[in-house]
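What the coordinates show
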Amino acid sequence: MRVLQPLFQNNREWSERIRASDPSFFQRLSQQQSPKYLWIGCSDSRVPANEIIGLPPGEVFVHRNVANVVVHTDLNCLSALQFGIDVLQVEHVMVVGHYGCSGVRAALFQQRIGLSDNWLGHVRDVAERHEARIRPLAHDGERADRLCELNVVEQVRNVSHTTIVRDAWERGQKLSLHGWIYSLRDGLLRDLGVTAQNLDECNERYAAALQALEQ
Ligand code: CO
C-alpha cells in the first residue's frame, strides 16, 4: 500500500482534470518552461505563489524561504535568481511578504524558535534599521505588520544589489523588480510601490516607499 494515499489520489484527479480541458498541456510543458515571473516568497503554507496570482504550472519560477529573505551570500536564493534571470529570462522578480508572518514576529519580539533564529537575524537587522518607523506604533500587531512591509522593501533592495540583477540591467535586459505584501485575512495582494526597472529608479522607489511607511 502506498503511503499518503489521499495525496496520490488528489494528484491523479488533478492531472486528469487538466488533461480533460487541455489534452496536450503536460506534453507541451515537458518540452520547456518559459515563465515571465520569479516569485520570492515566504515558505508559509498559506501563501502558495501560483494560486494567489491565478497562474498554472509553467508560468512562475518560485523560490521560498522562511520570511522571504534575500541574503547576499545565500547560494540557494542567488541560484534561483541567476537561473531565473540569465537562463529563463524572466521579466519580473517579485518579493512577496505577508502579514501575520511568524518569522517576522519572532524576529521583532525576539522569540526563540531554534536554529531559525540565526536566519531570522536578517529580519532583526531590518527591525533595528527601521526602529523609528516601528516603535511609535501603538500595538504589537501594527508593529509586526509594519516590519512585514519594511522587510519586503529591504529584500527588494537586496535583490537589486545582487551582481545578477546589476549585470542584467547593465547589458540592457528587460527586468522589473517588485515588492508586494499579501494579506491572509482577505487573500489580497498589495503593491508596496517599489517597482523599478533600473538602479536609479530602485533607489528612488526605496526612499519613497520608506517615507510612505512612516505614517
Ligand atoms: Co511568513
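Here the structure is a predicted model, which is why all the values come from computation and not from measurement.

What the protein contains, in helices and strands, is 10 helices and 5 strands. A compact globule built from 215 residues should have a C-alpha radius of gyration of about 17 Å, and the protein, at 19 Å, falls within 12% of that. On the principal axes, the C-alpha backbone points of the protein span a range of 55 × 45 × 30 Å. By residue count, 42% of the 215 residues in the protein fall in the buried class. Summed over its atoms, the accessible surface of the protein is roughly 11,900 Å², and 50% of this surface lies on carbon and sulfur atoms.

Turning our eyes to something else, we now look at the pairing of strand 1 (residues 37–42). With 5 of 6 residues buried, strand 1 lies mostly within the body of the structure. In this structure, strand 1 lies alongside strand 2 (residues 60–65), joined through 6 bridges in parallel fashion. Opposite Leu-38, over in strand 2, you have Phe-61 as the bridge partner.

Further remarks concern the packing of aromatic side chains. Per the counting criterion, the structure on display carries 3 aromatic pairs. Here the aromatic residues Trp-14, Phe-25 and Phe-26 are joined through ring pairs into a cluster of three or more. Above the ring of Tyr-206, the side-chain terminus of Arg-157 is found at 4.0 Å from the ring centroid.

Next up on the list: the environment of Ser-45. For Ser-45, the position within the fold is in the loop between strand 1 and helix 3 (49–52). On the accessibility criterion, Ser-45 (67% relative accessible area) is exposed. In sequence terms Ser-45 and Leu-88 are 43 residues apart; their C-alpha atoms lie 26 Å from each other.

Now for the domain arrangement of the protein. Taken domain by domain, the protein holds domain 1 (1–31) and domain 2 (33–212). In this structure, domain 1 and domain 2 have C-alpha centres spaced 31 Å apart.

Right, let's talk about the coordination of the cobalt ion for a bit. Protein-derived coordination of the cobalt ion comes from Cys-42 (SG), His-98 (NE2) and Cys-101 (SG), at a distance range of 2.0 to 2.3 Å. Every donor residue of the cobalt ion comes from the same chain, spaced as C-x55-H-x2-C. Taken as a pair, Cys-42 in strand 1 and His-98 in strand 3 (residues 92–98) lie far apart in primary sequence, 56 residues in all. By relative accessible area, which is 1% here, His-98 ends up buried.

A few words on the nonpolar core. By size, the foremost hydrophobic cluster in this structure holds 51 residues, and its most contacted members are Ile-40, Leu-81, Ile-85, Val-93, Val-159 and Leu-177. In terms of residue count, helix 8 (residues 140–161) provides more of this core than any other element does, 8 residues in total. Discounting chain neighbours no more than four positions away, the residues touching Leu-177 are Val-93, Val-156, Val-159, Ser-160, Val-165, Trp-169, Val-194, Thr-195, Ala-196 and Cys-202. Among the nonpolar cores identified, the runner-up in size contains 8 residues, and Val-47, Val-96, Trp-180 and Tyr-182 belong to it.

We now examine the side chain of Gln-155. As for its placement among the helices and strands, Gln-155 is situated in helix 8. When its relative accessible area of 2% is taken as the criterion, Gln-155 is described as buried. Excluding anything up to four places from it in sequence, Gln-155 contacts Asn-68, Val-69, Val-70, Val-95 and Val-126.

For the rest of this paragraph, the subject is the pattern of salt bridges. The full count for this structure, using the stated rule, is 12 salt bridges. The partner of Asp-140 in a salt bridge is Arg-143, and the shortest N-O contact between them spans 2.7 Å. With Asp-140 and Arg-143 both in helix 8 and 3 residues apart, the pair spans about one turn of that helix. For Asp-140, a relative accessible area of 40% corresponds to the partly exposed category.

What counts, and where the lines are drawn
- Residues numbered from 1 in each chain as written.
- Predicted model: local features only at pLDDT ≥ 70, side-chain atom pairs only at ≥ 80, totals over all residues.
- Heavy atoms only, no water.
- Helix = DSSP H or I, 4+ residues; strand = E, 2+ residues; numbered from the N terminus.
- Rg over C-alpha atoms; globule rule 2.2 N^0.38 Å.
- Buried < 20%, exposed > 50% of the residue type's maximum accessible area, 1.4 Å probe, protein only.
- Areas by Shrake-Rupley, 256 points an atom, 1.4 Å probe, with all protein chains shown as cover.
- Pairing = 2+ DSSP bridges.
- Phe/Tyr/Trp six-rings, centres within 6.5 Å; stacked < 30°, edge-to-face > 60°.
- Lys NZ or Arg CZ within 6 Å of the ring centre and 35° of its normal.
- Domains from an automatic or database assignment.
- Donors = N, O, S within 2.8 Å, 3.2 Å for Na, K, Ca; no water.
- Core = buried A, V, L, I, M, F, W, Y, C linked by side-chain atoms within 4.5 Å.
- Contact = heavy atoms within 4.5 Å.
- Salt bridge = Lys/Arg side-chain N within 4 Å of Asp/Glu carboxyl O.

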